[in-house]
Amino acid sequence: LELVFAPCDEVAGSDRNWIKASDAEIVEATLQELSRLFPNEIAVDGSKGFVVTKSAIVKTPRSVYAAVPGRNKYRPSQTTPIKNFTLAGDYTSQKFLGSMEGAVLSGKLAAAVVADTLGGRDPKPVKEVSPESL
């Protein structure tokens, strides 16, 4: 089982700093969340047969950027003002953080732009950033 705690600190919007938390605290919080999500299968005390026998905690403070207000204005859309030039990557405008999931979604959005262009349809316009995201 692999989990990512994001946001990982107060600056990024978490109510707790998971980078400073001990490994035991992280394992305990994980068990509490799993028992909340799967109450019939998992109990924190191990009474339902699920017991943690080994864990490894890896803390990478800068593995994803903090999704704080104002960041979205720096993320370009897949559609660009340059003819036949389309962007894809986790850094572009899409609903996920800078991550593998964001890169995959961005690739799908970029493919839609290319397909629309080749199909003679107008692709989505260059992104207008909404005021509340600034």
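Residues numbered from 1 in each chain as written. Predicted model: local features only at pLDDT ≥ 70, side-chain atom pairs only at ≥ 80, totals over all residues. Heavy atoms only, no water.

A. Structural view of the overall build of the protein chain. When you go through the protein chain residue by residue, the secondary structure sums to two helices and zero strands. Put simply, the protein chain has 134 residues, and 25% of those count as buried. Residue pairs in contact within the protein chain that sit at least 24 positions apart in sequence constitute 39% of those at least 6 positions apart. (Helix = DSSP H or I, 4+ residues; strand = E, 2+ residues; numbered from the N terminus. Buried < 20%, exposed > 50% of the residue type's maximum accessible area, 1.4 Å probe, protein only. Contact = heavy atoms within 4.5 Å.)

B. A look at the packing of aromatic side chains. Tallied over the entire structure, the rule returns zero aromatic pairs. Here the basic side chain of Arg16 rests over the ring of Trp18, its NZ or CZ set 4.5 Å away from the ring centre. (Phe/Tyr/Trp six-rings, centres within 6.5 Å; stacked < 30°, edge-to-face > 60°. Lys NZ or Arg CZ within 6 Å of the ring centre and 35° of its normal.)

C. Representation of the environment of Val27 in the model. Here Val27 lies in helix H1 (residues 23-37). Between the C-alpha atom of Val27 and that of Val52, which follows or precedes it by 25 residues, the distance is 8.7 Å. The residues touching Val27, leaving out its near neighbours within four places in the chain, are Ser55 and Ile57.

D. Looking closely at H1. Taking 1.5 Å per residue as the helical rise, H1 with its 15 residues ought to reach 21 Å, and the 21 Å between its terminal C-alpha atoms agrees with that figure. Regarding H1, the residues found buried are Ile26, Val27, Ala29, Thr30, Leu31, Leu34 and Ser35. (Expected span 1.5 Å × (residues − 1).)

E. How the structure looks around the environment of Pro81. Within the secondary structure layout, Pro81 lies in the loop between H1 and helix H2 (100-118). Looking at Pro81, the relative accessible area reads 75%, which means it is exposed.

F. Focus on the side chain of Asn17. Turning to its location among the elements, Asn17 is positioned in the segment before H1. Classification of Asn17 by relative accessible area gives buried; the value is 16%. Looking at Asn17, its side chain comes within polar contact range of the main-chain nitrogen of Lys20, at 3.1 Å. Here Asn17 is in contact with Cys8, Asp9 and Glu10, once residues within four sequence places are set aside. (Polar contact = N/O pair within 3.5 Å; in protein donor to acceptor, adjacent residues only side chain to side chain.)

G. The arrangement of the pattern of salt bridges in detail. Here the structure, examined in full by the defined rule, presents three salt bridges. A salt bridge links Asp116 to Arg121, with the shortest nitrogen-to-oxygen separation between them at 3.2 Å. (Salt bridge = Lys/Arg side-chain N within 4 Å of Asp/Glu carboxyl O.)

H. Spotlight on the side chain of Ser93. Among the structural elements, Ser93 can be located in the loop between H1 and H2. Sequence-distant contacts of Ser93, defined by excluding residues within four places in its chain, comprise Asn72, Arg75, Pro76, Ser77, Gln78, Leu109 and Lys127.

I. Fine view of unusual backbone geometry. Even without being a glycine, Asn84 presents a positive backbone phi close to 60°. Structurally, Asn84 can be placed in the loop between H1 and H2. Taking the relative accessible area as the measure of exposure, Asn84 reaches 66% and is therefore exposed.

J. Summary view of H2. Here H2 is 19 residues long and its end C-alpha atoms lie 27 Å apart, about the 27 Å a rise of 1.5 Å per residue gives. A positive phi of about 80° marks Gly120, the residue just after H2.

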